[in-house]
Amino acid sequence: MAGLDKKSAKAGERLGEGNAGFSKNGFILAAIGSSVGLGNMWKFPYITGENGGAAFFLLFIVCLVVVGLPILLAEMTIGRGGRGNASSSLFNLTNKKHWKWFGLISIITAFLIMSYYSVVAGWTLHYMIQSFAGALSDVNMDYAATFLGFAGGYMPIFWSAVVMVITGYVIAKGVSGGIEKFNKILIPGFLILLLIMMVRALTLPGALAGAEFFLKPDFSKLNEESVLIALGHSFFSLSLGMGCMLTYGSYVQKDQSLGKATLAIGAGDLLYAFIAGLVIFPTVFAYGMEPSSGVGLAFIALPAAFAQMPLGFLFGGIFFLLLAIAALTSAVSILEVPVAYAMEQWKWTRKKAAIVLAGVAFLLGVPSALSVEGADGPLSNLVVFGKTIFDLFDFSTSYILMPIGGLIITLFTGYAWKRAGEEAGLTGGIYTTWMFLLRYVCPLLIILIFLYSVGVLKF
């Protein structure tokens, strides 16, 4: 009992103002906010359309159930059971120091991701302001040159700082008073705005071609590579492997059903990605734009499409507001990981941890802001291991460190911690299936995802 009391006391120290964790609904909204990031808005619709539409969507759901949700439940269960940060929770549950060091990988991963993610989040804020101001409404504008000109300058550093200030402020206010309140406002608002954009997109002339590209099932396009793409996105879309869900799990009430929460978070992740597809592709196809993925879609093709749309400045502004919300809610969950560690390990106050770590992550992100490929920035020609600094941070965290973090979670829950089922509230066949997936299926598939992502496994 003394050990449990000590863990509870440490958890209380990390909560912040009011010493209160998440409410039941607040936790689900915050977790959905963490998972609904920029990847859901610009990557998922494209890979769905390119890999068989509705056929790929069904495959993705299967992968989410087989890989994503079991690991998601494992992370949250470890967090609530260990009542510590992403490192100490593993130690608290086993009393073995090597697990504490393994857990530290997730904290380092989150901190590195935060440094360059704030840069991309800053782009969304800049484009939101520009759109609402009508500065992107000239149909004769070279939108590729406009983006590369912006990304190659120094303004992204300013907007990255703005993102860090907002993120740090929310975290400094505590779990219930900051993180939960922030998500309770933004996530419902996000859904409302997304639905408005969906209705507008689907009523555009020629929009049905975009909806067909996204939704028409074409099983002939499914192959081995499609399976690995779906597996990879089911892992990355839930913010797994970097300690976010584990850290949030440490703030969850003991009487909350983690199984039901897992299903709700997974459903929310799917819903937002699905609606985003019904916004993006009808818009792109309606104006004859080439569908693409990532930066090219969000900051080049779509602004060009909005410029041709009646009231395009308004709908373009709303779209980038949606991207900004998705980026900020994810950023809060990412920075909370190292903040929780600093508070527990170094005995910092929440305010000090939020300010210092946001500041250091900002400084670490400056080279990324100045090194976007093709943007002719001050550091764009600096190549390390064949990649710009921005791309190096992205690749090393997304394709190396995150899979390693996910693998650690599966092995810890499947083999090292003997009371995971009790904490998760699972018994009988459901528990047996969960353990089978974590011990055998998930580790194998994560290794395949890793090998495919780094280019070792090719088709």
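These numbers were taken from a predicted model, which means no experiment stands behind them.

How each quantity is defined
Residues numbered from 1 in each chain as written. Predicted model: local features only at pLDDT ≥ 70, side-chain atom pairs only at ≥ 80, totals over all residues. Heavy atoms only, no water. Helix = DSSP H or I, 4+ residues; strand = E, 2+ residues; numbered from the N terminus. Rg over C-alpha atoms; globule rule 2.2 N^0.38 Å. Buried < 20%, exposed > 50% of the residue type's maximum accessible area, 1.4 Å probe, protein only. Contact = heavy atoms within 4.5 Å. Areas by Shrake-Rupley, 256 points an atom, 1.4 Å probe, with all protein chains shown as cover. Axes fitted to C-alpha atoms, helices over the stretch in contact; angles between N-to-C directions. Parallel < 35°, antiparallel > 145°, perpendicular 65-115°, else oblique. Salt bridge = Lys/Arg side-chain N within 4 Å of Asp/Glu carboxyl O. Phe/Tyr/Trp six-rings, centres within 6.5 Å; stacked < 30°, edge-to-face > 60°. Lys NZ or Arg CZ within 6 Å of the ring centre and 35° of its normal. Left-handed = near helix turned anticlockwise from the far one by under 90°. Nonpolar A, V, L, I, M, F, W, Y, C, P; charged D, E, K, R; others polar. Patch = residues over 30% accessible without salt bridge, like charges linked within 9 Å, V, L, I, M, F, W, Y side chains within 5 Å. Expected span 1.5 Å × (residues − 1).

Engineer: Explanation requested: the overall build of the protein chain in the structure shown.
Structural biologist: Looking only at helices and strands, one finds 20 helices and zero strands in the protein chain. Its C-alpha radius of gyration of 21 Å places the protein chain within 12% of the 23 Å reference for a compact globule of 459 residues. If you line up the protein chain on its principal axes, its C-alpha atoms span 70 × 50 × 45 Å. Looking at the 459 residues of the protein chain, the share that counts as buried comes to 58%. Of the contacts made within the protein chain by residues no fewer than 6 positions apart, 81% connect residues no fewer than 24 positions apart. Surface exposure of the protein chain reaches about 17400 Å², of which carbon and sulfur atoms provide 68%.

Engineer: Would you explain the packing of helix 7 (residues 97–132) against helix 15 (residues 295–307) in this entry?
Structural biologist: Each packed pair of helices is defined by two parameters, the angle between the axes and the distance between the axes. Axis separation between helix 7 and helix 15 bottoms out at 12 Å; the angle between their running directions is 5 degrees. With respect to their mutual orientation, helix 7 and helix 15 come out roughly parallel. Contact residues: Trp123, Thr124 and Tyr127 in helix 7; Val295, Phe299 and Pro303 in helix 15.

Engineer: Help me understand the pattern of salt bridges, please; the structure alone is not making it clear to me.
Structural biologist: Close approach of charged atoms allows side chains with opposite charge to pair. Tallying each qualifying case throughout the model produces seven salt bridges. Two residues, Glu180 and Lys184, come together in a salt bridge whose shortest N-O distance is 3.0 Å. In this pair, Glu180 and Lys184 are both assigned in helix 10 (residues 175–202), four residues apart and thus about one turn of the helix distant. Glu180 gets classed as buried once you look at its relative accessible area, which sits at 6%.

Engineer: What should I look at first to understand the packing of aromatic side chains in this one?
Structural biologist: Both the distance between ring centres and the angle between the ring planes are used here to describe each pair of aromatic rings. Using the criterion set out here, one finds 33 aromatic pairs in the structure. Here the aromatic rings of Phe319 and Phe320 are separated by 5.2 Å at their centres, their planes lie at 75 degrees, and the arrangement is edge-to-face. For Phe319, a relative accessible area of 2% translates into the label buried. Connected via pairs of aromatic rings, a cluster forms that spans Tyr116, Trp123, Tyr127, Phe147, Phe150, Phe299, Phe306, Phe319, Phe320 and Phe390. In this arrangement the basic side chain of Lys100 is found over the ring face of Phe91, its NZ or CZ atom lying 5.5 Å from the centre.

Engineer: Help me understand the side chain of Ser131, please; the structure alone is not making it clear to me.
Structural biologist: Counting through the fold element by element, Ser131 comes out in helix 7. According to the relative accessible area criterion, Ser131 is buried, its value standing at 5%. When near neighbours in sequence (up to four residues on either side) are disregarded, Ser131 contacts Leu136, Phe313, Gly316, Gly317 and Phe320.

Engineer: Help me out: how do you make sense of the packing of helix 5 (residues 54–82) against helix 12 (residues 224–236) in this one?
Structural biologist: At a minimum axis distance of 8 Å, the contact between helix 5 and helix 12 shows a crossing angle of 45 degrees. One way to sum up the angle between helix 5 and helix 12 is to call them oblique. Considering only the axes of helix 5 and helix 12, their crossing is right-handed. Residues Phe56, Leu59, Phe60, Cys63, Leu64, Val67, Gly68 and Ile71 of helix 5 lie in contact with helix 12, whose contacting residues are Ser226, Val227, Ile229, Ala230, Leu231, His233, Ser234 and Phe235. Here the residues of the contact of helix 5 with helix 12 are counted per class, giving twelve nonpolar, four polar and no charged.

Engineer: I'm lost on a nonpolar patch on the surface in this one. Help?
Structural biologist: There is a patch of nonpolar side chains on the surface, built from Phe132, Leu311, Phe313 and Leu314 and spanning about 340 Å² of accessible area. Mapping Leu314 onto the fold places it in helix 16 (residues 312–345). The exposure class of Leu314 is partly exposed, given its relative accessible area of 33%.

Engineer: What is the right way to read helix 17 (residues 350–369) from this model?
Structural biologist: The terminal C-alpha atoms of helix 17 lie 27 Å apart, and with 20 residues this matches the ideal 28 Å at 1.5 Å per residue to within 8%. Among all positions in helix 17, only Arg350, Ala353, Ala354, Leu357, Ala358, Ala361, Phe362, Gly365, Ser368 and Ala369 are buried.

Engineer: It is not clear to me how the environment of Ser398 should be interpreted in this structure. Could you clarify?
Structural biologist: With respect to the helices and strands, Ser398 occurs in helix 18 (residues 389–416). Using a relative accessible area of 14% as the deciding quantity, one classes Ser398 as buried. As a C-alpha pair, Ser398 and Phe450 span 52 residues in sequence and 9.6 Å in three-dimensional space.

Engineer: Even after reading the chapter, I still don't get the environment of Ile28, so can you show me in this structure?
Structural biologist: With respect to the helices and strands, the residue Ile28 is situated in helix 2 (residues 24–35). In the structure, Ile28 is positioned 237 residues away from Ile265 in sequence and 6.2 Å away in space, judged by C-alpha atoms.

Engineer: Can you help me understand unusual backbone geometry in this one?
Structural biologist: Excluding glycine, residues mostly have negative phi values, and the peptide bonds linking residues are mostly trans. Residues other than glycine seldom take positive phi values, yet Ser239 does so here, at roughly 60 degrees. Note on placement: Ser239 falls in the loop between helix 12 and helix 13 (244–249). Even without being a glycine, Lys347 presents a positive backbone phi close to 60 degrees. In this fold, Lys347 is placed in the loop between helix 16 and helix 17.

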